Amino acid sequence: MIARKPERYEKLLKKSNFDNHWRELRRQPKWRTLRTSESSKITKLSSFGTYSSEGNNDTPTSDEFELIRPKGTKAAKRKGKGKATTTEVEEYKAFEANDLRKMTIMETVNEIRQKDIETRRRELEAKQAEMDLQVILADTEKMNDAQRMAHAKLLEKIMARN
C-alpha cells in the first residue's frame, strides 16, 4: 500500500496537456513579447508601432521570428485601384462578349414572341368577326321575345365595337 502512493502523486503532479501545448506555442510570433529594456513603462518597440508592457517577463523571447501582419484595408484598396493586368482585361472582354451574345439571343426570342402574340391576336380577331357575322345573320323569325331582346342587345354591342 505504501508503494502505490508515490505513483498516484506522480500522476497528479504530472504537467497537464496545457503546459505541453504552451511550450510549443510560446515561440510563435503571436505569443512572443519583445523586450527592449528592464523598465516597467509601456514602450514603443518597433517600426510596426506595437507597444509592450514589461510586466510579463515569464515568456522567453527569440529574435528568430519576425512579426508578419496581413495587409490592412487601406493598403488593399490602394492596390485594387491599380491598373488591370492583361488577363483581367481578357476575362472582362470575354464576359462582355458573352453578355452581348446573351442579349442578342434574348432580343431574337423577344421578336419571335412578339410575332407569336401578333398572330394569336389576329386569330382571335378572325374568330370574333366570324361569331359577330353569325349573330348578324341569325334568323329572328324562329326566336321568342326574350331571344329577340338578347339578339338586339348583341347587335348593339357589335355595332358599338365597330
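It should be emphasised that the depicted structure is a prediction, and the values quoted were computed from it without experimental measurement.

Rules of the game
- Residues numbered from 1 in each chain as written.
- Predicted model: local features only at pLDDT ≥ 70, side-chain atom pairs only at ≥ 80, totals over all residues.
- Heavy atoms only, no water.
- Helix = DSSP H or I, 4+ residues; strand = E, 2+ residues; numbered from the N terminus.
- Buried < 20%, exposed > 50% of the residue type's maximum accessible area, 1.4 Å probe, protein only.
- Contact = heavy atoms within 4.5 Å.
- Areas by Shrake-Rupley, 256 points an atom, 1.4 Å probe, with all protein chains shown as cover.
- Axes fitted to C-alpha atoms, helices over the stretch in contact; angles between N-to-C directions.
- Parallel < 35°, antiparallel > 145°, perpendicular 65-115°, else oblique.
- Left-handed = near helix turned anticlockwise from the far one by under 90°.
- Nonpolar A, V, L, I, M, F, W, Y, C, P; charged D, E, K, R; others polar.
- Patch = residues over 30% accessible without salt bridge, like charges linked within 9 Å, V, L, I, M, F, W, Y side chains within 5 Å.
- Salt bridge = Lys/Arg side-chain N within 4 Å of Asp/Glu carboxyl O.
- pLDDT = per-residue confidence, 0-100.

Describing the overall build of the chain
From N to C terminus, the chain includes five helices and two strands. Secondary structure elements in the chain, listed N-terminal to C-terminal, are α-α-β-β-α-α-α. Relative to its 162 residues, the chain shows a buried fraction of 8%. Long-range pairs, those at least 24 residues apart, make up 30% of the contacts in the chain between residues at least 6 apart in sequence. Summed over its atoms, the accessible surface of the chain is roughly 15500 Å², and 56% of this surface lies on carbon and sulfur atoms.

Concerning the environment of isoleucine 158
Relative to the assigned elements, isoleucine 158 resides in helix H5 (residues 145-161). You can call isoleucine 158 buried: its relative accessible area is 3%. Residues isoleucine 158 and aspartate 132, spaced 26 residues apart in sequence, show a C-alpha to C-alpha distance of 6.7 Å. Once you skip the residues sitting within four places of it in the chain, isoleucine 158 turns out to touch Asp132, Val135 and Ile136.

Thoughts on the packing of helix H4 (residues 86-136) against H5
One can describe the packing of H4 onto H5 by two numbers: an axis separation of 10 Å at closest approach and a directional angle of 135 degrees. What the angle tells us is that H4 and H5 run oblique. Two packed elements cross with a definite hand, and for H4 against H5 that hand is left-handed. Seen from H4, the contacting residues are Gln128, Asp132, Val135 and Ile136; seen from H5, they are His151, Leu154, Leu155, Ile158 and Arg161. Residue composition of the contact of H4 with H5, grouped by class: five nonpolar, two polar and two charged.

Some thoughts on a nonpolar patch on the surface
Where nonpolar side chains cluster on the molecular surface, the patch consists of Phe18, Trp22 and Leu25 and spans about 300 Å² of accessible area. Mapped onto the elements, phenylalanine 18 comes out in helix H2 (residues 17-25).

Describing the pattern of salt bridges
One pass over the full model with this rule turns up six salt bridges. Taking the shortest distance from any N to any O, the salt bridge between arginine 161 and aspartate 132 comes out at 3.0 Å. With arginine 161 in helix H5 and aspartate 132 in helix H4, this residue pair connects regions lying 29 residues apart in the sequence. Residues participating in the shared-partner salt-bridge network are Glu118, Arg121, Arg122 and Glu125.

Quick notes on the confidence of the model for the chain
When pLDDT is averaged across the chain, the result is 76; 64% of the residues are at 70 or more. Across the chain, H4 holds the top mean pLDDT of 92, while strand E1 (residues 43-44) sits lowest at 54.

So, the side chain of aspartate 132
In this structure aspartate 132 comes out as buried when scored by relative accessible area, which is 11%. Each residue touching aspartate 132, except ones within four places of it in the same chain, is listed here: Ile158 and Arg161.

Some points on the environment of valine 135
Position of valine 135 relative to the elements: it lies in helix H4. With 20 residues separating them in the primary sequence, valine 135 and leucine 155 have C-alpha atoms 7.3 Å apart. Those residues in contact with valine 135 that sit more than four places away from it in its chain are His151, Leu154, Leu155 and Ile158.

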